[in-house]
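# Structural overview for review
Each chain, written out:
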Amino acid sequence: QVQLVESGGGLVQAGGSLRLSCAASGRTFSAYPMGWFRQAPGEEREFVAAITWSGGSTSYADSVKGRFTISRDNAKNTVYLQMNSLKPEDTAVYYCASSMVRTPNPLVRDVSYNYWGQGTQVTVSS
């Protein structure tokens, strides 16, 4: 079983920054790709960013490209999402996810992920 615990969410003004963390436990974290997704009220869950097991390849949704950065520290079993230049439309619950798929490519579809955290709220005020 894999446990994922997100932290770092909160309330921030537009233009501000936040860094989300996702601590993983329960299996070999470093062997698998990770991703971040978000869900706003009344909306479907959407892809935000993904990273391969090595951290050598990443993928971003067009809406966050150039503003968000995903990274991982395999020694700490943690994946991060640095969010800069935040906009009110970034307001959502952010979830990290872990996949059991062994692939050299970042995974952008939520069906590719097997484990999910409980989510952390990010609210951006205008």
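What you see is a predicted model; the values in this text were computed from it and never measured. (Residues numbered from 1 in each chain as written. Predicted model: local features only at pLDDT ≥ 70, side-chain atom pairs only at ≥ 80, totals over all residues. Heavy atoms only, no water.)

Another aspect to go through is the nonpolar core. Trp36, Leu81, Met83 and Tyr94 are the most contacted members of the largest nonpolar core, which has 34 residues in total. Within the residue set of this core, elements represented by two or more residues are strand E3 (18–25), strand E4 (34–39), strand E5 (46–51), strand E7 (68–73), strand E8 (78–83), strand E9 (92–98) and strand E11 (120–125). Tallying contributions element by element places E5 first for this core, with five residues. If near-sequence neighbours (up to four positions away) are discounted, Leu81 is found in contact with Leu18, Arg19, Leu20, Trp36, Val48, Ala49, Phe68, Thr69, Ile70 and Tyr94. (Core = buried A, V, L, I, M, F, W, Y, C linked by side-chain atoms within 4.5 Å. Buried < 20%, exposed > 50% of the residue type's maximum accessible area, 1.4 Å probe, protein only. Helix = DSSP H or I, 4+ residues; strand = E, 2+ residues; numbered from the N terminus. Contact = heavy atoms within 4.5 Å.)

What follows is about the environment of Gly8. Considering the arrangement of structural elements, one finds Gly8 in the loop between strand E1 (3–7) and strand E2 (10–13). Expressed as a C-alpha distance, the spacing of Gly8 and Glu89, which sit 81 residues apart in the sequence, is 18 Å. Beyond its immediate stretch of four places on either side in the chain, Gly8 contacts Leu18, Arg19, Leu20 and Thr120.

The element E9 is extensively covered by neighbouring structure, given that six of its seven residues are classed as buried. In the sheet, E4 pairs with E9 via six bridges, with the strands oriented antiparallel. Each bridged residue has a counterpart across the sheet, and for Gly35 the counterpart in E9 is Ala97. Here three bridges tie E9 to E11, and the two strands are oriented antiparallel to one another. Across the sheet, residue Val93 finds its bridge partner in E11, namely Gln121. Of the strand pairs in this sheet, E9 and strand E10 (residues 115–116) are connected by two bridges, and their pairing is antiparallel. By the bridge assignment for E10, Ser98 is matched with Tyr115. (Pairing = 2+ DSSP bridges.)

Everything listed here is a matter of geometry and, on its own, says nothing about what the molecule does.
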